[in-house]
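# Examining the three-dimensional arrangement
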Amino acid sequence: MKADIRVCSAWETAHERPRYTLQDRCPDCGADTENSAPAPYNPEDRYGEYRRRVKRRERDA
Ligand SMILES: [Zn+2]
């Protein structure tokens, strides 16, 4: 099982920047942490499709 990088759920109010940790609780403020894994869809694929569409349009112009 790969390590899940988690992020403090209260970092926006408790810290100046996202507080990443591997623990269930933020070591700094004690708030719960949430999984920082990316969304289920693959954004790279969406942008790839967008880029391909733009290229196609430029060729037609
Ligand atoms: Zn925190």
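Below, the structure is looked at part by part. (Residues numbered from 1 in each chain as written. Predicted model: local features only at pLDDT ≥ 70, side-chain atom pairs only at ≥ 80, totals over all residues. Heavy atoms only, no water.)

With that out of the way, let us pick up the coordination of the zinc ion. Here the zinc ion is held by Cys 8 (SG), His 15 (NE2), Cys 26 (SG) and Cys 29 (SG), and the distances to it run 2.0 to 2.3 Å. Coordination at the zinc ion is tetrahedral, judged from the four donor atoms that bind it and the angles of 105 to 115 degrees they form at the metal. (Donors = N, O, S within 2.8 Å, 3.2 Å for Na, K, Ca; no water. Tetrahedral: all angles 85-135°; square planar, octahedral: opposite > 155°, others 65-115°.)

Moving on: a nonpolar patch on the surface. A cluster of nonpolar side chains, Ile 5, Tyr 20 and Leu 22, forms an exposed patch at the surface whose accessible area comes to about 330 Å². By the secondary structure assignment, Tyr 20 is in strand β2 (residues 20-21). According to the relative accessible area criterion, Tyr 20 is partly exposed, its value standing at 46%. (Patch = residues over 30% accessible without salt bridge, like charges linked within 9 Å, V, L, I, M, F, W, Y side chains within 5 Å. Areas by Shrake-Rupley, 256 points an atom, 1.4 Å probe, with all protein chains shown as cover. Salt bridge = Lys/Arg side-chain N within 4 Å of Asp/Glu carboxyl O. Helix = DSSP H or I, 4+ residues; strand = E, 2+ residues; numbered from the N terminus. Buried < 20%, exposed > 50% of the residue type's maximum accessible area, 1.4 Å probe, protein only.)

Here the structure, examined in full by the defined rule, presents three salt bridges. Arg 6 is paired through a salt bridge with Asp 24; the nearest N and O atoms lie 3.8 Å apart. Of this pair, Arg 6 sits in strand β1 (residues 6-8) while Asp 24 sits in the loop between β2 and β3 (33-35); the two residues are 18 residues apart in sequence, bridging distant segments of the chain. Between Asp 28 and Arg 19 there is a salt bridge, with its nearest N and O atoms 2.4 Å apart. For Asp 28, a relative accessible area of 48% puts it in the partly exposed group.

Strands sit in the order β2-β1-β3 across an open sheet of three strands; the sheet is antiparallel. The outermost strands of the open sheet, each flanked by one partner alone, are β2 and β3. Two strands pair when backbone bridges link them, and β1 and β3 are joined in this way by three bridges, in the antiparallel orientation. Along β3, the bridge assignment pairs Val 7 with Glu 34. (Pairing = 2+ DSSP bridges.)

Distances and angles like these do not, on their own, reveal function.
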